[in-house]
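# Examination of the molecular architecture
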Amino acid sequence: MKIELIPAIDIIGGQCVRLTKGDYDHKTVYGEPLDMALEFERIGYRRLHVVDLDGAKSKHIVNSEVLRQITTATRLTVDFGGGIKTDEDIKTAFAAGASMVTIGSIAVTQPDLFMGWLEKYGAEKIILGADVRHGKISINGWKEDSGEDLLPFLKKYIDAGVRNVLCTEISKDGTLAGPAIGLYKDIMAAYPQLHLIASGGVSSKEDIEALDAAGIPAVVFGKAIYEGRIDLHELIATDEHGKTRESESVRVNPMQK
């Protein structure tokens, strides 16, 4: 497969959790984020998506120390999102070792600030977060709908230099119901130069293969890992980004200690 594989760690209260459709009242706790990150690296993954859900809800970074633990103990390329609302927040994320930051709400509510960060840090450091519900961009931990339509929202920032977009279909997230392939194909048809990261609904290796076949450049997946739906060793054995890192002959569920 050509698609880039990006395991996800979502954090509440310093713990690795998953929500269903972004609902903070429906969460499942899976363990320590650092343990998960170390296991992903041991298996051979190179990239990690970390979301500070406390930060997204509080509107400022909360779990920077957990980020620092992961970036200090591993060589993973970590992109970090959740609660980045100010210059201080973005500095905190980079100081804690994030290689990239994912920013969504600010791009909606303070576009000039987002543009300033894009210019200051460069397009390679900034991922535009586009969280979608019923075709509209949602903000602030998916608690509010902005009213902005997805494709015009993307065009504005792609024209300004954005090349990395993480798009989550909220109705799919945490449901294991399959990804919104049609949505991602529409985005890629409109903006073929984009490094689009699909997120939400992935339940199996077959879902990821379908995204790959559709030409989607990258995918974030989490709950399918923690629920034992995806064999991480088998998956990476088919991935051109990481198949040289470790033999595919090992078969271990990283959530079973």
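Residues numbered from 1 in each chain as written. Predicted model: local features only at pLDDT ≥ 70, side-chain atom pairs only at ≥ 80, totals over all residues. Heavy atoms only, no water.

## Observations concerning the overall build of the chain
Test applied: Numbering goes from the N terminus for both helices and strands, where a helix is a DSSP run of H or I of at least four residues and a strand is a run of E of at least two. Throughout, radius of gyration means the C-alpha value; the globule benchmark is 2.2 Å times the number of residues raised to the power 0.38. Note on areas: Shrake-Rupley with a 1.4 Å probe; residue coverage comes only from the protein chains shown. The convention is simple: Lys and Arg are positive, Asp and Glu are negative, and His and the chain ends are not counted. Charge positions come from single atoms, namely NZ of Lys, CZ of Arg, CG of Asp or CD of Glu.
Each helix and strand counted, the chain has eleven helices and twelve strands in total. Here the C-alpha radius of gyration of the chain, 17 Å, is about what a compact globule of 257 residues would show, namely 18 Å. With respect to the principal axes defined by its C-alpha atoms, the chain has extents near 50 × 40 × 35 Å. Counting only carbon and sulfur atoms, one obtains 47% of the accessible surface of the chain, whose full area is about 10500 Å². Of the side-chain charges in the chain, 30 are positive and 38 negative, and the distance between the mean point of each set is 1 Å.

## With respect to the packing of aromatic side chains
Convention followed: Pairs were defined over the aromatic rings of Phe, Tyr and Trp, the Trp ring being its six-membered one, requiring ring centres within 6.5 Å. Orientation was assigned from the angle between planes: stacked under 30 degrees, edge-to-face over 60, tilted for the rest. Note on classification: 1.4 Å probe, protein chains only; a residue is buried when its accessible area is under 20% of the maximum for its type, exposed when over 50%, partly exposed between these limits.
Across all of its chains, the model carries four aromatic pairs by this definition. For the ring pair Tyr-30 and Tyr-226, a centre distance of 4.9 Å and an interplane angle of 25 degrees mean the geometry is stacked. Of this pair, Tyr-30 sits in strand β3 (residues 23–31) while Tyr-226 sits in helix α10 (residues 223–226), placing them 196 residues apart in sequence. The exposure class assigned to Tyr-226 is buried, which follows from its relative accessible area of 6%. Measuring from centroid to centroid gives 5.1 Å for Phe-94 and Tyr-121, while their planes differ by 40 degrees, and the two rings are tilted.

## Brief notes about the nonpolar core
Basically, it comes down to this: The set of buried Ala, Val, Leu, Ile, Met, Phe, Trp, Tyr and Cys residues whose side-chain atoms join them within 4.5 Å is what this entry labels a nonpolar core. Throughout, a residue-residue contact means that at least one pair of heavy atoms, one from each residue, lies within 4.5 Å.
One finds Leu-154, Ile-208 and Phe-221 to be the most contacted residues of the largest nonpolar core, which totals 71 residues. For this core, the leading source of residues is helix α7 (residues 150–159), giving five residues. Ignoring sequence-local partners within four residues, the contact set of Phe-221 consists of Leu-5, Ile-6, Pro-7, Ala-8, Tyr-45, Val-202, Ile-208, Ile-230, Leu-232 and Leu-235.

## As for the pattern of salt bridges
Keep this limit in mind: The working definition used for a salt bridge is a side-chain nitrogen of Lys or Arg within 4 Å of a carboxyl oxygen of Asp or Glu.
In this structure the tally under the stated criterion is eleven salt bridges. As a salt-bridge pair, Lys-136 and Asp-149 come within 2.6 Å of each other at their nearest N and O atoms. Of this pair, Lys-136 sits in strand β8 (residues 136–139) while Asp-149 is found in strand β9 (residues 144–149), placing the two residues 13 residues apart along the sequence. In this structure, Asp-159 and Lys-155 form a salt bridge, with 2.7 Å as the shortest nitrogen-oxygen distance. Highlighted residues: Asp-159 and Lys-155, both in helix α7, separated by four residues, approximately one helical turn. Look at Asp-159 and you get exposed, because its relative accessible area is 56%. Among the residues examined, Lys-155 registers a relative accessible area of 43% and is labelled partly exposed. Ionic contacts of the salt-bridge type, sharing partners, join the residues Glu-4, Arg-47 and Asp-79 into one network.

## Topic: the packing of helix α4 (residues 87–95) against helix α6 (residues 111–121)
Our working definition: All axes here are fitted lines through C-alpha atoms, helices being fitted over the stretch that makes contact, and every angle between N-to-C directions spans 0 to 180 degrees. Crossing handedness follows the turn of the near helix against the far one: under a right angle anticlockwise gives a left-handed crossing, and clockwise gives a right-handed one. The residue classification treats Ala, Val, Leu, Ile, Met, Phe, Trp, Tyr, Cys and Pro as nonpolar and Asp, Glu, Lys and Arg as charged. All others, Gly included, are polar.
Relative to each other, α4 and α6 sit at 35 degrees, their axes nearing to 11 Å. Considering how the two elements wind past one another, α4 and α6 form a crossing that is right-handed. Between α4, through Asp-87, Ile-90, Lys-91 and Phe-94, and α6, the contact on the second element is made entirely by Leu-113, Trp-117, Lys-120 and Tyr-121. Considering only residue class, the contact of α4 with α6 consists of five nonpolar, no polar and three charged.

Geometric descriptors of this kind do not, in isolation, establish any biological role.
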